[in-house]
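Geometric and topological summary
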Amino acid sequence: MPKVTLRAVAAHDQARLLEWRNSDAVAPYMYSDHLIYEGEHAAWFARLGTNPTVRYWIIELDDH
């Protein structure tokens, strides 16, 4: 049976999240449709966890 895990976003996820965000499969479904550059993404990532009413999660399937 597949193992599904929900975990908090961690520092090692930063590069992968930027890659996903700018991918053709994901970008059309985001709030903005412009290409996200590394500096903009780094600023967004640095703000994660600063709002106690918002949570960001990674869903893992079989530890991936």
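In what follows, the accompanying structure is described.

Conventions used here
- Numbers given for residues are sequential positions, taken from 1 along each chain in its written order.
- The predicted origin of the model limits local features to residues at a pLDDT of at least 70 and limits the giving and counting of side-chain atom pairs to 80 or more, whereas totals for whole chains, interfaces and linings rest on all residues.
- The basis for every side-chain value is the complete set of non-hydrogen atoms in the structure, without hydrogens or water.
- Secondary structure elements follow DSSP: runs of H or I no shorter than four residues count as helices, runs of E no shorter than two count as strands, and numbering proceeds from the N terminus.
- Note on contacts: a residue pair is in contact if any heavy atoms of the two residues lie within 4.5 Å.
- All accessible areas in this document rest on Shrake-Rupley with a 1.4 Å probe, and a residue is counted as covered only by the protein chains that are shown.
- Note that His is not counted, nor are the chain ends; the positive residues are Lys and Arg, and the negative ones are Asp and Glu.
- A charge is said to be at NZ when it belongs to Lys, at CZ for Arg, at CG for Asp and at CD for Glu.
- Comment: axis = line fitted to C-alpha atoms, over the contacting stretch for helices; angle = value between 0 and 180 degrees taken between N-to-C directions.
- Any angle between 65 and 115 degrees counts as roughly perpendicular, while under 35 counts as roughly parallel, over 145 as roughly antiparallel, and the rest as oblique.
- Handedness of a crossing follows from how the near helix is turned relative to the far one, being left-handed for an anticlockwise turn of less than a right angle and right-handed for a clockwise one.
- Side-chain classes follow a simple rule in which Ala, Val, Leu, Ile, Met, Phe, Trp, Tyr, Cys and Pro form the nonpolar group, Asp, Glu, Lys and Arg form the charged group, and the remainder, Gly included, forms the polar group.

In this section: the overall build of the chain. Of regular secondary structure, the chain possesses 2 helices and 2 strands. What you see in the chain, going N to C, is helices and strands ordered as β-α-α-β. Considering only C-alpha atoms, the chain reaches an extent of 40 × 30 × 20 Å along its principal axes. Across the chain, every contact between residues at least 6 apart in sequence was considered, and the portion connecting residues at least 24 apart equals 67%. Accessible surface computed for the chain: about 5,400 Å², of which carbon and sulfur atoms make up 59%. Positive and negative charge centroids in the chain, built from 6 and 9 side chains respectively, lie 8 Å apart.

A word on unusual backbone geometry. Of note, D62 is a non-glycine position whose phi angle comes to about 55 degrees, a positive value. With respect to the helices and strands, the residue D62 is situated in the segment after strand 2 (57-61). At D63, a residue that is not glycine, the phi angle is positive and equals roughly 65 degrees. Along the chain, D63 turns up in the segment after strand 2.

Axis separation between helix 1 (residues 14-22) and helix 2 (residues 38-47) bottoms out at 11 Å; the angle between their running directions is 120 degrees. Taken as axis vectors, helix 1 and helix 2 run oblique relative to one another. Pair helix 1 / helix 2 crosses with right-handed handedness. Across from Q14, L17 and L18 in helix 1, the residues of helix 2 making contact are E38, H41, A42, W44 and F45. Among the residues forming the contact of helix 1 with helix 2, the class breakdown is 5 nonpolar, 2 polar and 1 charged.

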